[in-house]
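# Coordinate analysis (summary)
Listed below, chain by chain, are the residues.
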Amino acid sequence: MRTPEEKDILLQHELTVMEGILESKAQYRKIIKAGIAKWVKDFQDGRIEIKTVDDLKKLIEIDIELQKDEL
């Protein structure tokens, strides 16, 4: 059995770890959003052809995965 103090320490550690994970996800989402915006701009400028949409699909899928835990 753990003492109340040990439980508090464990809970604080878990909260710290969770905050770090959420912060990382937020940073990853910024990177993904920038990648999507760049892809769209390149597509609009004619530098990307329709046959290469797989990169955009991957970026969108990653963004959706990162958002799942936010619901």
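Refer to the preceding data block for the structure.
This one's a predicted model, so the numbers in the text were calculated from it and none came from an experiment. (Residues numbered from 1 in each chain as written. Predicted model: local features only at pLDDT ≥ 70, side-chain atom pairs only at ≥ 80, totals over all residues. Heavy atoms only, no water.)

The N-to-C vectors of helix H1 (residues 4-44) and helix H2 (residues 54-68) enclose an angle of 155°; their axes lie 10 Å apart at closest approach. Judged by the angle between their axes, H1 and H2 are roughly antiparallel. Remark: the crossing between H1 and H2 carries left-handed chirality. Here H1 contributes Lys25, Tyr28, Arg29, Ile32, Gly35, Ile36 and Trp39 to the contact with H2, which in turn contributes Asp55, Leu56, Leu59, Ile60, Ile62, Asp63, Leu66 and Gln67. For the contact of H1 with H2, a count of residues per class yields 9 nonpolar, 2 polar and 4 charged. (Axes fitted to C-alpha atoms, helices over the stretch in contact; angles between N-to-C directions. Helix = DSSP H or I, 4+ residues; strand = E, 2+ residues; numbered from the N terminus. Parallel < 35°, antiparallel > 145°, perpendicular 65-115°, else oblique. Left-handed = near helix turned anticlockwise from the far one by under 90°. Contact = heavy atoms within 4.5 Å. Nonpolar A, V, L, I, M, F, W, Y, C, P; charged D, E, K, R; others polar.)

Below, the discussion takes up the nonpolar core. The biggest cluster of nonpolar side chains holds 7 residues, and these are Ile32, Ile36, Trp39, Ile48, Leu56, Leu59 and Leu66. Listing elements by their share of this core, those giving two or more residues are H1 and H2. (Core = buried A, V, L, I, M, F, W, Y, C linked by side-chain atoms within 4.5 Å. Buried < 20%, exposed > 50% of the residue type's maximum accessible area, 1.4 Å probe, protein only.)

In total, this model carries 8 salt bridges according to the counting rule given. Linking Asp42 and Arg47 is a salt bridge whose minimum nitrogen-to-oxygen distance equals 2.7 Å. Overall, the relative accessible area of 55% leaves Arg47 in the exposed class. Between Lys68 and Glu65 there is a salt bridge, with its nearest N and O atoms 2.8 Å apart. Linking Lys68 with Glu65, this pair stays in helix H2, spanning 3 residues, or about one helical turn. By relative accessible area, which is 46% here, Lys68 ends up partly exposed. Shared partners join several salt bridges into a network, and the residues in it are Lys38, Lys41, Asp42, Asp45 and Arg47. (Salt bridge = Lys/Arg side-chain N within 4 Å of Asp/Glu carboxyl O.)

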